[in-house]
Amino acid sequence: MSLDLFDLTGKIAIVTGASSGLGVTFAEALAEAGADLAICARRLQKLEETGEKIRSLGRRCLVVQTDVTQPDQVENLVTKTIEEYGKIDILVNNAGRGGLSKIAETGLVEEFKTILDANLTSAFICSQRVGKEMLARGYGKIINIASVEGLRAGPSFDPSAAYVPSKHAMVGLTKEFAVQWAKRGVSVNAIAPAFFPAELTERFFSKPEIASAIADHTPMGRPGKPEELKGIVVFLASDASGYVTGQTICVDGGWTAW
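Residues numbered from 1 in each chain as written. Predicted model: local features only at pLDDT ≥ 70, side-chain atom pairs only at ≥ 80, totals over all residues. Heavy atoms only, no water.

Colleague: Describe the side chain of N189, naming the residues involved and giving the relevant values.
Modeller: Looking at where N189 falls in the secondary structure, it is placed in strand β6 (residues 186-193). Given the relative accessible area of 1%, N189 is considered buried. Among the polar contacts listed, one links the side chain of N189 to the backbone nitrogen of Q247, at a separation of 2.9 Å. Excluding residues within four positions of it along the chain, N189 makes contact with I142, I143, N144, T174, L236, V244, T245, G246 and Q247. (Helix = DSSP H or I, 4+ residues; strand = E, 2+ residues; numbered from the N terminus. Buried < 20%, exposed > 50% of the residue type's maximum accessible area, 1.4 Å probe, protein only. Polar contact = N/O pair within 3.5 Å; in protein donor to acceptor, adjacent residues only side chain to side chain. Contact = heavy atoms within 4.5 Å.)

Okay, structure coming up:
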């Protein structure tokens, strides 16, 4: 296989939730592979910091403050991206939030709705709107960020009555969009990371007993390093994955194999 297949030069990518954590990692990976970016999140100052990182890599980067649960704001994001670059080739649906919750807790219904909106509805809105542009051109790569908790229940230290269902649903959304658009040039896949140090998981790694439990449950004996997610996002964003769609690929140190 020619390494040229992994080259994203000339491609335009949108990365949601790019103000911190793994969203920054995904944006950097695409830029390092040659793509120009539009990045979005709700926190503008943090988003601008990511934009500066991308520009320091020699790539263009449009920063658009966006709440991706709001269709009108997603419409603005797409409009500005098309105005700036003329097209959209890649969408990474990374925006989301976590939450510790037990099923018997009072008030869980509201938390469930909030997390479902952040983790699933946002991906639906973005994929539908960006997909419209991709379908018109007959080309596109959509990458959803799921989780190993989208394939199994959460571990005992992470009771997630809302987060786990939202990520299972993300896997289902990936399959349905992939099948509907498979003959129209748009591939849709998901990445399912295990536990990586990030803003979302700080509550785990700040507690030695939980950090130890994560390592003990992982066959490789350690959590992931953010840079270990770069290869898979570039693969799924590039022409190297031309015959891959509807898949959820775990990057988990063996977590789901055990």
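Colleague: Explain the nonpolar core to me, and be specific about the residues and the numbers.
Modeller: L30, L37 and I191 are the most contacted members of the largest nonpolar core, which has 33 residues in total. Elements supplying a minimum of two residues to this core: β1 (12-16), α1 (21-32), β2 (36-41), α2 (44-56), β3 (61-65), β4 (90-93), β5 (140-145) and α8 (230-237). Here this core gets six residues from one element, more than from any other, and that element is α1. Sequence-distant contacts of I191, defined by excluding residues within four places in its chain, comprise F26, I143, N144, I145, A146, S147, L229, I232, V233, L236, I249 and V251. One finds C40, V74, L91 and L173 within the second-largest nonpolar core, a separate group that totals 27 residues. (Core = buried A, V, L, I, M, F, W, Y, C linked by side-chain atoms within 4.5 Å.)

Colleague: Which residues make up the layout of surface pockets, and what are the values?
Modeller: Approximately 1,000 Å³ is the volume found for the largest pocket. Lining the largest pocket we find 42 residues, and of these N94, A95, G96, R97 and L200 sit closest to its centre. Looking at the lining of the largest pocket, the elements that each hand over two or more residues are α1, β2, α4 (108-137), α5 (163-181) and α6 (202-205). Of the residues assigned to the lining of the largest pocket, the class counts are 17 nonpolar, 15 polar and 10 charged. Of the voids in this model, the second largest pocket is the one considered here, and its volume is about 150 Å³. Lining the second largest pocket are Y139, G140, K141, W181, A182, G185, V186, S187, G242, Y243, V244 and T245. Elements with a minimum of two residues in the lining of the second largest pocket: β5 and β6. The residue inventory of the lining of the second largest pocket, partitioned by class, reads six nonpolar, five polar and one charged. (1 Å grid on protein atoms, 1.4 Å probe; cavity = no way out; pocket = protein on both sides within 12 Å on 5 of 7 lines; lining within 4 Å. Points joined across faces, edges and corners; volume = space filled by probe spheres on them. Nonpolar A, V, L, I, M, F, W, Y, C, P; charged D, E, K, R; others polar.)

Colleague: An account of the pairing of β5 is needed here, citing residue identities and associated values.
Modeller: β5 sits mainly inside the fold: six of its six residues count as buried. Side chains G140, I142 and N144 of β5 all project onto a buried face; the interleaved residues K141, I143 and I145 project onto the opposite face, where all are buried too. The pairing of β4 with β5 spans four bridges and is parallel. Within β5, the residue paired with N93 across the bridge is N144. In this fold, β5 hands off to α5, which returns the chain to β6; that crossover is right-handed. (Pairing = 2+ DSSP bridges. Right-handed = clockwise from strand over helix to strand, strands pointing away.)

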